[in-house]
Amino acid sequence: MADETIGIVGAGIVGLAIGREITLRRPGTRVVVLEKEDAVARHQTGHNSGVVHAGIYYTPGSLKARLCSRGRSLIKEYCQERKIAYDECGKLVVAVRADEMGRLDDLEKRAHQNNVPGLRRVDPAGIREIEPHAAGLAALHSPETAITDFPGIARAFADDIIAAGGEVRLNWPVSSIVPGPSKIDVVSGERRLAVDRLIICAGIQSDRVAKLAGDQQEPIIIPFRGEYMRVKPAKADMVRGMIYPVPDPRYPFLGVHFTRRVTGVVEVGPNAVLATAREGYRRSHLSLPDLAALAAWPGAWRMARQHWRTGIKEVRGSLSKRRYMVEAMRYVPEIGAADVVRAGAGVRAQALDRDGSLVDDFRIHRMGAVTAVRNAPSPAATSSLAIAEHVVSAIFD
């Protein structure tokens, strides 16, 4: 129905992209985005590395692989239309040890299956031609991997929704969701909004908000803080684009890497440290209720038994700038601990199943008139417009 009201919980880039897609596909529909913060893109969207991924890493045929490829094209086109910064500075994925060469081979096959545009393998001389200060045995070069301003894109999506007659309500934390015979009441304290359909895109709080709507508990969200270092201006020009390690297939994280921002700043990171609060952007942020909920989840203990060594290594790197940069110097030996300063941090909303598995692919649940995006980690920002197409098609087509 063109006169129905669609509520969206969460004004990150995914929620806003879905709201925008609804206004395009169903003119006349009232879209209301509800956000607990005082501005859009306050959490994962506003704290990520700004990379537009080309699809190198993802399992061929997975939702991630399909939506990343489509999303990259859509984001590029949108940035060009809206005059938002978009720089195809390219990425090198570098093997620095002999035992990484097999993983690089596997990654190359996967990237070709995912039709990563322009991908080619380069030798040490090719690495230096692309990134003169980088080192390695071999690398994959993805020339169309780009950087952009994802918070700026999110604000533009919000403007699009408002221009189409929708709303973005800030300072509107959802406290309960009450399904009725014909409407769903979304409640924030004394305030209520009656909607015909509800889409939950609550990021780091997605499991809790989905549970308010009657969804199952699994998967829960565990927060991993990703801390960045900023290269001092004197050596920032040593990195032209992006320099990444070959990722460990056991983890959904890409490892500490060098990334140039659209502002010209070069950052190193992020690492992946289990945060002590859902929104724990600093080591000092501590939430006893968040820790108690994590301890009560059987999957958390199973995950800890499997990965405790890696966890200790990440914590050591978090506490020591020198340790943090030891791994990074394998890729750019001339940038060490004295050449960086501590920068900001983000928190990754990582879904965890009961068996201790870190959920890798996007996961979306349907409960009648309620749709919950339960897991949308990287490359969700890259894929946001494609995720929007996917979700809106599933709901209305």
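Check the entry above for the structure.
This section reports on the structure supplied with the text.

Cut-off values and rules
Here, residues in each chain are numbered from 1, in the same order as that chain's written sequence. Restriction of local features to residues with pLDDT of at least 70 applies here, the model being predicted, together with a cutoff of 80 or more for giving and counting side-chain atom pairs; totals for whole chains, interfaces and linings are based on all residues. Only hydrogens and water are removed before side-chain values are computed, so all heavy atoms of the structure are retained for them. Note on conventions: DSSP H or I runs of at least 4 residues are helices, E runs of at least 2 residues are strands, and numbering of each starts at the N terminus. Contact between two residues is taken to exist if any of their heavy atoms lie within 4.5 Å; hydrogens are not considered. In short, Shrake-Rupley with a 1.4 Å probe defines the accessible areas, and a residue's cover is counted only from the protein chains shown. The sign given to each residue is positive for Lys and Arg and negative for Asp and Glu; His and the chain ends receive no count. Where a charge sits is defined by one atom per residue type, namely NZ (Lys), CZ (Arg), CG (Asp) or CD (Glu). We define a nonpolar core as any set of buried Ala, Val, Leu, Ile, Met, Phe, Trp, Tyr and Cys residues linked to one another through side-chain atoms lying within 4.5 Å. Summary of the burial criterion: residues with accessible area below 20% of their type's maximum are buried, those above 50% are exposed, and those between are partly exposed, where the area comes from a 1.4 Å probe applied to protein chains only. Strands are treated as partners if at least two bridges between them are detected by DSSP. For helices, the fitted line uses only the C-alpha atoms of the stretch in contact; every axis is such a line through C-alpha atoms, and the angle between N-to-C directions lies from 0 to 180 degrees. Stacked, tilted and edge-to-face are the three classes applied to pairs of Phe, Tyr and Trp rings, where Trp contributes its six-membered ring and a pair requires centres within 6.5 Å; stacked means planes under 30 degrees apart, edge-to-face means over 60, and tilted covers the rest. Two conditions define a charge sitting above a ring: the NZ of Lys or the CZ of Arg must be within 6 Å of the ring centre, and it must be within 35 degrees of the ring normal. For a helix, the expected span equals 1.5 Å multiplied by the residue count minus one. Within 3.5 Å is the distance limit for a polar contact, defined as a pair of N or O atoms, with the added protein rule that one can donate a hydrogen and the other accept it, and that residues adjacent in sequence qualify only through two side-chain atoms. Roughly parallel here means an angle under 35 degrees, roughly antiparallel means over 145, roughly perpendicular means 65 to 115, and every remaining angle is called oblique. The sense of a crossing depends on the near helix, which, turned anticlockwise from the far helix by less than a right angle, makes the crossing left-handed and, turned clockwise, makes it right-handed. Nonpolar residues are Ala, Val, Leu, Ile, Met, Phe, Trp, Tyr, Cys and Pro. Charged residues are Asp, Glu, Lys and Arg, and all others, Gly as well, are polar.

### With respect to the overall build of the chain
From N to C terminus, the chain includes 12 helices and 21 strands. Here the C-alpha coordinates of the chain stretch approximately 65 × 45 × 35 Å along the principal axes. Long-range pairs, those at least 24 residues apart, make up 73% of the contacts in the chain between residues at least 6 apart in sequence. Counting every atom, the chain has about 16,700 Å² of accessible surface; 52% of that belongs to carbon and sulfur. Across the chain, the centroid of the 55 positively charged side chains sits 5 Å from that of the 45 negatively charged ones.

### Remarks on the nonpolar core
Counting residues in each nonpolar core, the largest one holds 45 residues, and the members touching the most others are Leu16, Ile18, Ile22, Ile153, Phe157 and Ile199. The biggest single contributor to this core is helix α12 (residues 380–396), with 10 residues. In contact with Ile18, not counting residues within four places along its chain, are Ile8, Ile199, Cys201, Ala388, Val391 and Val392. One finds Met229, Val256, Ala328 and Val332 within the second-largest nonpolar core, a separate group that totals 25 residues.

### Some thoughts on the sheet that holds strand β13 (residues 197–200)
Here we have six strands laid out as an open sheet, ordered β9-β2-β1-β13-β21-β20, and mixed in their pairing. Looking along the sheet, the strands with just one partner apiece sit at the ends: β9 (167–169) and β20 (363–367). Each strand of the sheet is rotated relative to its neighbour by a mean of 15°, with strand direction disregarded. Pairing of strand β1 (residues 5–9) with strand β2 (residues 30–34), which is carried by five bridges, proceeds in the parallel orientation. Counted as the bridge partner of Ile8 is Val33 from β2.

### Re the pairing of β13
Inspection of the sheet shows β1 paired to β13 by four bridges, in the parallel sense. Residue pairing for β13: Ile8 is matched across the bridge by Ile199. Taken together, the three bridges between β13 and strand β21 (residues 370–375) define a ladder with parallel strand orientation. Within β21, the position partnered with Ile200 by the bridge is Ala372.

### Here we look at unusual backbone geometry
In the segment running from Glu218 into Pro219, the intervening peptide bond is cis, with an omega of -5°. The omega angle of the peptide bond from Ser378 to Pro379 is 15°, so this bond is cis rather than trans. Positioned with a positive phi, Ala41 is a non-glycine residue whose angle comes to about 60°. In this structure, Ala41 sits in the loop between β2 and α2 (44–47).

### Examining the packing of aromatic side chains
Considering all chains together, one arrives at two aromatic pairs under this definition. Relative to Tyr58, the ring of Tyr57 has its centre 6.0 Å away and its plane inclined at 65°; by these criteria the two rings are edge-to-face. Among the residues examined, Tyr58 registers a relative accessible area of 6% and is labelled buried. Measuring from centroid to centroid gives 4.9 Å for Tyr78 and Phe157, while their planes differ by 65°, and the two rings are edge-to-face. Taken together, the residues span a long stretch of sequence, with Tyr78 in helix α3 (residues 63–82) and Phe157 in helix α6 (residues 150–163) at a distance of 79 residues. Neither Tyr78 nor Phe157 differs from the other in exposure class; each is buried. Directly above the ring of Tyr244 sits Lys91, whose terminal nitrogen or CZ lies 4.0 Å from the centroid.

### Side note on α3
Taking 1.5 Å of rise per residue, 20 residues should cover 28 Å, and α3 covers 27 Å from first to last C-alpha, within 8% of that figure. Within α3, the full set of buried residues consists of Leu63, Lys64, Ala65, Leu67, Cys68, Gly71, Arg72, Leu74, Ile75, Tyr78 and Cys79. In this structure, the buried side of α3 is in contact with α1 (13–25), β3 (51–52), β4 (86–87), β8 (146–148), α6 and α12. The first or second residue beyond α3 is Lys83, which carries a positive phi of 60°.

### Thoughts on the sheet that holds strand β11 (residues 184–188)
In any sheet, the strands associate via hydrogen bonds between backbone groups, in a parallel or an antiparallel arrangement. Ordered by their spatial adjacency, three strands build an open sheet running β10-β11-β12, and the pairing between neighbours is antiparallel. Both outer strands of the open sheet, β10 (176–179) and β12 (191–195), are each paired with one neighbouring strand and no more. With strand direction ignored, the average angle separating the axes of adjacent strands in the sheet is 20°. Pairing geometry for β10 and β11, over four bridges, is antiparallel. Along β11, the bridge assignment pairs Ile177 with Val186.

### Some points on the side chain of His257
For His257, the position within the fold is in strand β16 (residues 257–260). With relative accessibility at 5%, the residue His257 sits in the buried group. Reaching out from His257, the side chain makes a polar contact with the backbone oxygen of Gly255 at a distance of 2.6 Å. Discounting chain neighbours no more than four positions away, the residues touching His257 are Ile243, Tyr244, Pro245, Glu267, Val268, Gly269 and Pro270.

### Considering the packing of α1 against α6
To describe two helices that pack against each other, one gives the angle between their axes and the distance between the axes. At a minimum axis distance of 9 Å, the contact between α1 and α6 shows a crossing angle of 30°. By the angle between their directions, the pair α1 and α6 is classed as roughly parallel. Read as a crossing pair, α1 and α6 show a hand that is left-handed. Of the residues in α6, those in contact with Ile13, Leu16, Ala17, Gly19 and Arg20 of α1 are Phe150, Ile153, Ala154, Phe157, Ala158, Asp160 and Ile161. For the contact of α1 with α6, the per-class residue count stands at nine nonpolar, one polar and two charged.

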